[in-house]
Amino acid sequence: MAENTYQWPDASKRKLIGKRMNRVDGPVKASGRAKYTYDLVRPNMLYGDSVKCPYAHARVKSIDTSAAEKMPGVKAVHVIHGPDDGAKGEVFWAGTDIVAVAAVDEPTARDAVRAIKVEYEQLPHLVLNDKEPNLAEAEKSELYKVASKETVGDPNSAFQQSEVTHEGYYGSPVITHCCLETHGSVAEWPDKDHLFLHISTQNVPGIGEQVAKAIDMPASNVHVHQDHVGGGFGSKLGLDPWGVAAAQLSKKAGGVPVKMMLNRATELETAGCRPSAYARVKVGAKKDGTLLAWESYAWGSGGPGAPGSLAIPYVWKVPNQQKQYVGVVNHIGPSRAWRAPNHPQMCVITMGALDDLAAKLGMDTFDFVKKNIDLLDPRSKIYSEELDVANDLMQWKARWHPRGDSDTLGIPMEAISLQIGDNQYPPDSASGGSSTIGGVSSATFRAATDAKRQLIAKVAPALNAQPADLEVADGRVRVASDASRSLSWKEACSKLGAQTLTVRGTNPGEGDLTNSGVGGVQMADVSVDTETGIVKINKMVAVQDCGLVISPKQAESQVLGAMIMGVSYALYEEKVMDQTTGTMLNTNMDNYRLAGIGDVGELVVRLMTGPGYDERGVIGIGEPPTVSPGAAISNAVANAIGVRVPFLPLTPDRVLEALEKAQGEGGRA
């Protein structure tokens, strides 16, 4: 045991890293035995519900809860958003919680909600407005956040030098989070000073502090426990009004448990959305495909807080650029992080424009990207290698055709006891931002390394050896040069006597165990029925690097999940709003559709590993592979039908509209 620094073992010495291991929670989830917050039933539990504002923009003028408070079975009523809250009672989206109630059963809670009288003053609203903003008008209106124009290089001169230019319109609409387990919690007070909270969250360590701050109590007095979370994807990092309301209702009801989980309609309407992004783009290149210039006017909407400026062109360092962005402030519900925030939208816009430019040049997009690969610095080499691998997996060169040319075709794993999901355990960061695998693996590795060193120091005398002479392998502590001199793991631990080892690892810490920044390539093969407009995914390939792969099976699963999510947002997902009432129209799973098993086609994942990749250490992979599917599918559809469907989702009506427009203009473009 001679190492003095923390470093991942060489490939030849890895016993578990990089091996295909099953998820430790796989059997309970696959069998249906896993219990989620939604499944929880506590003794004497009450059920929560709430009055929700029916207007997209309004002010609460008065609230009368007296009738509800007198109803049999109603145990607590709590005002969440009254006339004196938030700019004199102003609410900014339909579905905002106004008053919460707790009752002995769900029907009684619903009756109590109907009995509460709330008077509103309706205010002017704006919901989904993805039409191109007039810049002169936008600069004068509070509904728009106009970013300053950004110029790189000399775009005017570059466009004059361009032998081929293309102009197009691209975009992606607002979509909502759609976690299988909706948001919510079960709250109870074991005594007047302590709160016990079961909550569906990505942030077990931090959510207790957020609740404590909201209700003015010490964070150490909030016990958070969660066995499993039924999806989050960024929407369950922070605290919501209903999470606070459950705790307040429980306290008013004498501390008994109160369960407050959103129904599906409320989840879709208010539990967070991904902002839209649209752009008019002009690009220019030489006839040989050398990319010279980019010009874009972009806009997007995502709720009361306008989304930040879009970093387009995405990952491409086009030498000459001119860009303008306008954020639209509207009343559609809160925007939230959604698995690689803003990256999928930026990718759709960028790759749509570049794919169309390649088509106008008469170039295979693969060759166009290879021609300009240096503009993808600092990951040019990675992208180039991944393109070659993806080409082999997809047989891109054999399948591609020019547009308009229709083709029709140390110790064993079982010895480890894993304890997670409770804020009484040592704290960790929230599970988000693709930070989990890097943070957990490196902190665990440091702690395990330190614990091993301490154990070896205790065991060395029993083996008549120096600590530096020992190693742990195959569940035994042994002399590295003489495996016959060894102790089993249990025998070695017995040398500690009554003493225990408690070791904590940190991240960041000593040793280069983690890193950031990855590159990925995705390709899609689709079929399009030009009579119905239906798009069918035949095959998708994803080639992705993420540094040192700890467990290939789980890493590949992350990529597969991202590809399925990508098919959903590329073909189906869109938050449809009523412009007159400001309410969401498709608040159910019949009309807010997600991809099913029959929709995703053949999915192929290849992880880039080995020399040149493993040395970088562990890098998260949760978000990156969600970035490309929309762009890959959109470009595949354009190649298949010979015309660009300008923005997602690629629904049958939009496909047919694009085809009809092209025919009206005298043929495919």
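Structural notes, computed from the coordinates. (Residues numbered from 1 in each chain as written. Predicted model: local features only at pLDDT ≥ 70, side-chain atom pairs only at ≥ 80, totals over all residues. Heavy atoms only, no water.)

Things to note about the state of the cysteines
Counted only if it meets this: Any pair of cysteine sulfurs within 2.5 Å is marked as a disulfide. Burial classes follow relative accessibility: with a 1.4 Å probe on protein chains only, a residue under 20% of its type's maximum area counts as buried, one over 50% as exposed, and anything between as partly exposed.
All chains considered together, the criterion is met by zero disulfides. Here cysteine 179 stays unpaired: no disulfide links it, and the sulfur of cysteine 178, its closest cysteine neighbor, is 7.6 Å away. Accessibility expressed as a relative area gives 0% for cysteine 179, which makes it buried. Cysteine cysteine 347 is unpaired, with the sulfur of cysteine 546 as its nearest cysteine sulfur at 18 Å.

So, the nonpolar core
What counts here: We define a nonpolar core as any set of buried Ala, Val, Leu, Ile, Met, Phe, Trp, Tyr and Cys residues linked to one another through side-chain atoms lying within 4.5 Å. Only DSSP runs of H or I covering at least 4 residues are called helices, and only runs of E covering at least 2 are called strands; the numbering of each starts at the N terminus. In this description, contact between two residues means that some pair of their heavy atoms is separated by no more than 4.5 Å.
Counting residues in hydrophobic clusters, the biggest one holds 100 residues, and the most contacted among them are Trp316, Val567, Ile633 and Val637. Among the elements that make up this core, the one with the highest residue count is helix H10 (residues 343-361) (ten residues). Those residues in contact with valine 567 that lie beyond four places of it in its chain are Ile537, Met540, Tyr572, Ala595, Asp599, Val600 and Ile633. If you look at the next biggest cluster of nonpolar residues, it comprises 28 residues, including Ala100, Ile207, Ala212 and Ala247.

Thoughts on unusual backbone geometry
What is expected of a backbone is that most residues other than glycine have negative phi and most peptide bonds are trans. Of note, the bond from aspartate 377 into proline 378 is cis; its omega dihedral lies within 30 degrees of zero at 15°. Inspection of the secondary structure assignment puts proline 378 in the loop between helix H11 (365-371) and helix H12 (380-394). Look at the link from leucine 648 to proline 649: it is a cis peptide, with omega at -10°. Checked against the element boundaries, proline 649 lands in the loop between helix H17 (629-641) and helix H18 (652-664). Its identity as a non-glycine residue notwithstanding, asparagine 44 has a phi of 60°, on the positive side. Mapped onto the secondary structure, asparagine 44 falls in the loop between helix H1 (26-30) and strand E1 (46-52). Looking at asparagine 44, the relative accessible area reads 65%, which means it is exposed.

Considerations on H17
Operational definition: One fewer than the residue count of a helix, multiplied by 1.5 Å, yields its expected span.
Taking 1.5 Å of rise per residue, 13 residues should cover 18 Å, and H17 covers 18 Å from first to last C-alpha, within 8% of that figure. Of all 13 residues that make up H17, twelve are buried, and the element is covered over most of its length. Those residues of H17 that are buried lie in contact with H10, strand E22 (520-528), strand E23 (535-545), helix H16 (552-571) and H18. Positive phi appears at glycine 642, one or two residues downstream of H17, with a value of about 80°.

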